[in-house]
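Listed below are the residues making up each chain.
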Amino acid sequence: MGEMSSFQLGVIGALFLSVASSVSIVICNKALMSNLGFPFATTLTSWHLMVTFCTLHAAQRFNLFENKSIDMKTVMLFGILNGVSIGLLNLSLGFNSIGFYQMTKLAIIPFTVLLETAFLKKQFSQKIKLSLFVLLVGVGIASITDLQLNLVGTILSLLAIITTCVGQILTNTIQKRLNVSSTQLLYQSAPFQAAILFVSGPLVDQCLTKQNVFAYKYSPIVLAFIILSCIISVSVNFSTFLVIGKTSPVTYQVLGHLKTCLVLGFGYTLLHDPFTDRNIIGILIAIFGMGLYSYFCTQENKKKQADPLGSQVKDKDATPFLAMEKEGHEVKKSDKDSLV
């Protein structure tokens, strides 16, 4: 019982860290890009990942965590896939309107549910699906302002959705099936994510902004914000892997939409962004959907604990914010620690 309480406290801590660090980095990057005129988002992400790897490498040298060897092919493909998904999301934003980009982000949850149902045989109850629908409607009302379609942007958005969903599902699956921690997986995969973005980032940014990141004149305040962004990114990357590993890709996406609502609120409070009745109504509906999701997941977890034999037959995605089911601690180690 004490072990379960410790696990739940760890999950709550991971969720809090993810929300706090993500909202912080969004505000920092918005100031960097909108106010200071540094538009190179993809290149900045590659620096984030390099700083994350260097930080974890130093932590591993000080024996703060134990490095675990994972099959190189698995880690390389996983890292490249995540790097490509980041680049595609940035391209999607560049080639689409803000409204269509928000639609792309909203589509990640239903597509993840579809993939997990089709390939991992997970079952999502009607109540969970209803709560997710309410959440998506609320976020859509709060954040979608216009929808302008074009062929290239639509193709990029579809590719971004697919790669993001597969990457997040693999983040959860690799940790549980190979019995590795979030820190170990991030440490192994970060160099490959950073490498592909370091090579492609300047090209993607030049395509989107018509500016060269190497010709940009870096003022001291811009450098200060870049360093701050990189420092915060260590927490963002770590908490992302931690949350997905301890919960599920769908729960991580639900948490992501909570961050969207918080960013809208902080944007209005701190940066004086325009805020309408529509934003308020959408945020309230989204929060109601999140509450339903957490409540229904909690109820399903209680049923599983009361009927452990039945829960082995049906593997539902029941991972609420504050009442997580402990999973993945009795997974058998693969002979070669490989999923490929």
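Residues numbered from 1 in each chain as written. Predicted model: local features only at pLDDT ≥ 70, side-chain atom pairs only at ≥ 80, totals over all residues. Heavy atoms only, no water.

As recorded in an unreviewed UniProt entry, the chain goes by the name UDP-xylose transporter 1, listed as coming from Herrania umbratica. The record held by UniProt for the chain lists under Subcellular location (unreviewed entry) the comment "Membrane". (UniProt positions renumbered as here; feature names shortened; annotations may be inferred.)

Here we take up the overall build of the chain. Within the chain one finds 11 helices and 0 strands. Burial analysis of the chain (340 residues in total) assigns 49% to the buried set. Taking as baseline every contact in the chain between residues at least 6 positions apart, the subset at least 24 positions apart corresponds to 86%. When the accessible area of the chain is evaluated, it comes to approximately 16800 Å², of which 68% is carbon and sulfur surface. (Helix = DSSP H or I, 4+ residues; strand = E, 2+ residues; numbered from the N terminus. Buried < 20%, exposed > 50% of the residue type's maximum accessible area, 1.4 Å probe, protein only. Contact = heavy atoms within 4.5 Å. Areas by Shrake-Rupley, 256 points an atom, 1.4 Å probe, with all protein chains shown as cover.)

Turning our attention to unusual backbone geometry. For Asn-63, which is not a glycine, the phi torsion comes out positive at approximately 60°. Within the secondary structure, Asn-63 sits in the loop between helix H2 (41-61) and helix H3 (72-95). Residue classification places Asn-63 among the exposed residues on the basis of a relative accessible area of 66%. Of note, Lys-210 is a non-glycine position whose phi angle comes to about 60°, a positive value.

For the rest of this paragraph, the subject is the UniProt feature "transmembrane region" (unreviewed entry) in the chain. Per the UniProt entry, the sites bearing "transmembrane region" (unreviewed entry) are residues 38-59, 75-93, 132-149, 155-173, 216-238 and 280-296 in this numbering. End C-alpha atoms of residues 75-93 are separated by 27 Å, and the span's content is 100% helix alongside 0% strand. What you have in residues 280-296 is 100% helix and 0% strand, and the ends, taken at the C-alpha atoms, are 24 Å apart.

Here we come to the packing of aromatic side chains. Two measures describe an aromatic ring pair: the distance that separates the ring centres and the angle between the ring planes. Per the stated rule, a full pass over the model turns up 10 aromatic pairs. Between Phe-40 and Tyr-216, the aromatic rings sit 5.7 Å apart at their centres with planes inclined by 85°, giving edge-to-face as the arrangement. Taken as a pair, Phe-40 in the loop between helix H1 (2-35) and H2 and Tyr-216 in the loop between helix H7 (182-209) and helix H8 (220-246) lie far apart in primary sequence, 176 residues in all. Grouped by ring-pair contacts, the aromatic residues Phe-38, Phe-40, Trp-47, Tyr-216 and Tyr-218 constitute a single cluster. (Phe/Tyr/Trp six-rings, centres within 6.5 Å; stacked < 30°, edge-to-face > 60°.)

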